[in-house]
Amino acid sequence: ADSYDFRIIDRNGKIRWVKISALAIDWESKPATLNFLSDITYRRKVEEESIHLETAIEQAAESVIITDFKGIIQYVNPAFERITGYARKEVNGQNPRFLKSGKHDRTFYTSMWNTLKAGEVWSGHFINMKKDGSLYEEDATISPVKDAAGEITHYVAVKRDVTEEIRREKQLRQAQKMEAIGTLAGGIAHDFNNILSAVLGYSEILLNKFQD
């Protein structure tokens, strides 16, 4: 049987997608075609939305990780590959623990998993390690995905690399700190000069007295 998808305009003027399937048969000893027409508008809409969503995730600047309910990676987007240095084929089927940098203790991860297993969204900050061994920092939001029965089937993590932002913030704080120290030092030097001037003045007076 052959099948074709095409669009039609219904009597209300709305565009709908239909599938026509044709089956060759014998009808009264003559070749004929039996046609089946089905409305697939909803299915096409879901497919198009799925394509748009996939395109958005693939092109997103934030890294996206999808795991099963055990935390095993099922999908990562190109941003994850670019940020971490790991290729998709290297991480699929792996637990994300390979990103651990040792900067977080066991309590940190236990608290995160307790939140997620309770079906709640977790948001926090990671210091992780790239494939080349360098550290990077990211703000993350991890959300449980539930089925119709309310059971958790997957987790979706959206992470934003904030390494450069934090570096600039540290530089700014350091510059502000040095500026404050410079201002304080300038004030102290000014006060010291006043004191020194007074001491020198009194010393000169005393020397003049002794010379007399």
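For every chain, the first residue of the written sequence is number 1, and numbering continues from 1 along that sequence. With the structure being a predicted model, the display of local features is reserved for residues of pLDDT at least 70 and the display and counting of side-chain atom pairs for 80 or more, all residues being used for whole-chain, interface and lining totals. In computing side-chain properties, one takes all heavy atoms of the structure into account and sets aside hydrogens as well as water.

Draft legend 1. Up close: helix α4 (residues 106-117). The helix and strand labels rest on DSSP assignments: H or I over at least four residues marks a helix, E over at least two residues marks a strand, and numbering proceeds from the N terminus. Working rule for helices: expected span equals 1.5 Å times residues minus one. Taking 1.5 Å per residue, 12 residues should reach 16 Å; α4 reaches 16 Å between its end C-alpha atoms and fits that length. Any residue under 20% of the maximum accessible area for its type is buried, any over 50% is exposed, and the rest in between are partly exposed; the area is computed with a 1.4 Å probe on protein chains only. Among the residues of α4, those classed as buried are Y109, M112, T115 and L116. Buried residues along α4 cover an arc of 125° about the axis, so they all sit on one side. Exposed residues lying more than 90 degrees from the buried face of α4 are R106, T107, N114 and K117. Here, two residues are considered to be in contact whenever any of their heavy atoms come within 4.5 Å of each other. On its buried face, α4 sits against β6 (122-129), β7 (135-146) and β8 (152-161). Looking one or two residues past α4, G119 carries a phi angle of roughly 85°, positive in sign. By definition, the arc is the one covered by directions from the helix axis to the C-beta atoms.

Draft legend 2. Geometry of the side chain of E138. Here E138 is to be found in strand β7. For E138, a relative accessible area of 1% translates into the label buried. At 2.9 Å, the side chain of E138 forms a polar contact with the side chain of N128. Apart from the residues lying within four places of it in its own chain, the contact partners of E138 are S63, G124, H125, F126, N128, K159, R160, D161 and V162. Within 3.5 Å is the distance limit for a polar contact, defined as a pair of N or O atoms, with the added protein rule that one can donate a hydrogen and the other accept it, and that residues adjacent in sequence qualify only through two side-chain atoms.

Draft legend 3. Focus on the layout of surface pockets. Approximately 430 Å³ is the volume found for the largest pocket. As for the largest pocket, its lining consists of 20 residues, of which N95, P96, R97, M112 and W113 are closest to the centre. When contributions to the lining of the largest pocket are tallied by element, the ones reaching two or more residues are β4 (63-68), α4, β6 and β8. Among the elements that make up the lining of the largest pocket, the one with the highest residue count is α4 (five residues). Taken together, the residues of the lining of the largest pocket sort by class into 12 nonpolar, five polar and three charged. Here a cavity means grid points, on a 1 Å grid over the protein atoms only, where a 1.4 Å probe fits yet cannot get out; a pocket means an open set of points with protein on both sides within 12 Å along at least five of seven lines; lining residues are those with an atom within 4 Å of a point. Grid points are joined across faces, edges and corners, and a volume is the space filled by probe spheres set on the points. Amino acid classes used here: Ala, Val, Leu, Ile, Met, Phe, Trp, Tyr, Cys and Pro are nonpolar; Asp, Glu, Lys and Arg are charged; the rest, including Gly, are polar.

Draft legend 4. Summary view of the confidence of the model for the protein. In predicted models, pLDDT denotes the confidence assigned by the predictor to each residue on a 0 to 100 scale. The share of residues in the protein with pLDDT of 70 or more is 85%, and the mean pLDDT across the chain is 84. Taking the mean pLDDT of every element in the protein, the minimum, 67, falls on helix α5 (residues 163-211) and the maximum, 96, on β6.

Draft legend 5. Representation of the pattern of salt bridges. Any Lys or Arg side-chain nitrogen located within 4 Å of an Asp or Glu carboxyl oxygen qualifies as a salt bridge. Scanning the entire structure with this criterion turns up 11 salt bridges. The salt bridge involving R44 is made with D5; its shortest N-O contact spans 3.6 Å. In this pair, R44 sits in helix α1 (residues 41-59) while D5 sits in strand β1 (residues 2-9), placing the two residues 39 residues apart along the sequence. Beyond isolated ion pairs, a larger network of salt bridges with shared partners links D5, K19, R43 and R44.

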